[in-house]
Amino acid sequence: MSKLGYYIRRFRVNRGFTVHSPFAFRFIKLVVRERLPFYAFQNITDPYERLLYRTAVYFHPASISASGPGAPRALEILRKALPDAELTSPDRSEFHFGDSPIPGPAIQFLQGRHSLPALTTFNLPRATIAISRPGLPPASYPLSLP
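Figured I'd write up the structure that's included with this text.

Conventions and cut-offs
- Residues numbered from 1 in each chain as written.
- Predicted model: local features only at pLDDT ≥ 70, side-chain atom pairs only at ≥ 80, totals over all residues.
- Heavy atoms only, no water.
- Core = buried A, V, L, I, M, F, W, Y, C linked by side-chain atoms within 4.5 Å.
- Buried < 20%, exposed > 50% of the residue type's maximum accessible area, 1.4 Å probe, protein only.
- Helix = DSSP H or I, 4+ residues; strand = E, 2+ residues; numbered from the N terminus.
- Contact = heavy atoms within 4.5 Å.
- Pairing = 2+ DSSP bridges.
- Axes fitted to C-alpha atoms, helices over the stretch in contact; angles between N-to-C directions.
- Parallel < 35°, antiparallel > 145°, perpendicular 65-115°, else oblique.
- Left-handed = near helix turned anticlockwise from the far one by under 90°.
- Phe/Tyr/Trp six-rings, centres within 6.5 Å; stacked < 30°, edge-to-face > 60°.
- Salt bridge = Lys/Arg side-chain N within 4 Å of Asp/Glu carboxyl O.

## Here we look at the nonpolar core
When a protein is soluble and globular, its nonpolar side chains tend to lie buried together. I64, L78, I107, F109, F122, I129 and I131 are the most contacted members of the largest nonpolar core, which has 36 residues in total. Those elements giving two or more residues to this core turn out to be α2 (22-32), α3 (47-59), β1 (63-67), α4 (71-81), β5 (106-110), β7 (128-132) and β8 (139-142). Once residues lying within four places of it in the same chain are set aside, the contact partners of I129 are L51, T55, I107, F109, T120, T121, F122 and L124.

Have a look at this one:
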């Protein structure tokens, strides 16, 4: 896929077009594209950190893993959002989508205590958010922040 084709696809996915999964559509519309202020944003200025905070509050996962550049800061933000969640920073080799590694910083939200082989990933320019949840098919969505 050409670079222009990738940007056009990302633009369409950001608005909910070509997203057939109700789970992914709700996440894109209610978390990624949300423009209203959030109660904790007075202390968080970076849009990616705000997205991580909103994502953690939206899913309220049992455990979260962060890997790659920026993982310590991401874990700090996530600890503010979910003080009772299990936060880990594993080896990057544990993050994968199918047989290929996830590029860039990766945050994995686990609905159970153990990782599932199928991940739904949301690929942002500066981070990748991976969701492990029973019943979710493996899928990948290129996104950008509004």
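## Let's talk about the pairing of strand β6 (residues 120-123)
In β6, alternate side chains face the same way, and those of T120 and F122 on one face and T121 and N123 on the other are all buried. For β6 and β7, the ladder comprises four bridges, and the chain directions are antiparallel. From the neighbouring strand, T121 faces β7, where its bridge partner is A130. Remark: four residues form the turn of the hairpin made by β6 and β7, two consecutive strands paired antiparallel. For β6 and β8, the ladder comprises four bridges, and the chain directions are parallel.

## What to know about the packing of α2 against α3
Look at α2 against α3: their axes get within 10 Å of each other, and the N-to-C directions meet at 130°. With respect to α3, the axis of α2 lies oblique. For the pair α2 and α3, the sense of crossing is right-handed. In contact with F23, R26, F27, L30, V31 and V32 of α2, α3 contributes L51, R54, T55, Y58 and F59.

## Examining the sheet that holds β1
Strand order in this open sheet of six strands is β2-β1-β5-β7-β6-β8, and the pairing throughout is mixed. Only two strands of the sheet have a single neighbouring strand rather than two, namely β2 (86-88) and β8. Taking each pair of neighbouring strands and ignoring which way they run, the sheet shows an average axis angle of 15°. Against the sheet, α2 makes contact with β6, β7 and β8, and its axis sits at roughly 30° relative to β6, the strand it touches most.

## Topic: the packing of aromatic side chains
If you walk through the whole model with that rule in mind, you get six aromatic pairs. Where F27 meets Y58, the ring centres are 6.3 Å apart and the plane angle is 55°; that geometry is what we call tilted. Pair noted here: F27 is in helix α2 and Y58 is in helix α3, with a separation of 31 residues, a long-range link. Since its relative accessible area comes to 34%, Y58 is described here as partly exposed. Grouped by ring-pair contacts, the aromatic residues F23, F27, Y58, F59, F122 and Y141 constitute a single cluster.

## Considerations on the environment of F23
Topologically, F23 is positioned in helix α2. In this structure, F23 is in contact with F59, T120, F122, I131, R133 and L136, ignoring residues within four places of it in sequence.

## Points about the pattern of salt bridges
According to the stated counting rule, one finds two salt bridges in the structure shown. A salt bridge links R73 to E49; its shortest N-O distance comes to 2.9 Å. Residue R73 is found in helix α4, and its partner E49 is found in helix α3; the two are separated by 24 residues along the sequence. On the basis of relative accessibility, which here comes to 31%, the residue R73 falls in the partly exposed class. Among the salt bridges present, the one from R73 reaches E76, with a minimum N-O distance of 2.6 Å.

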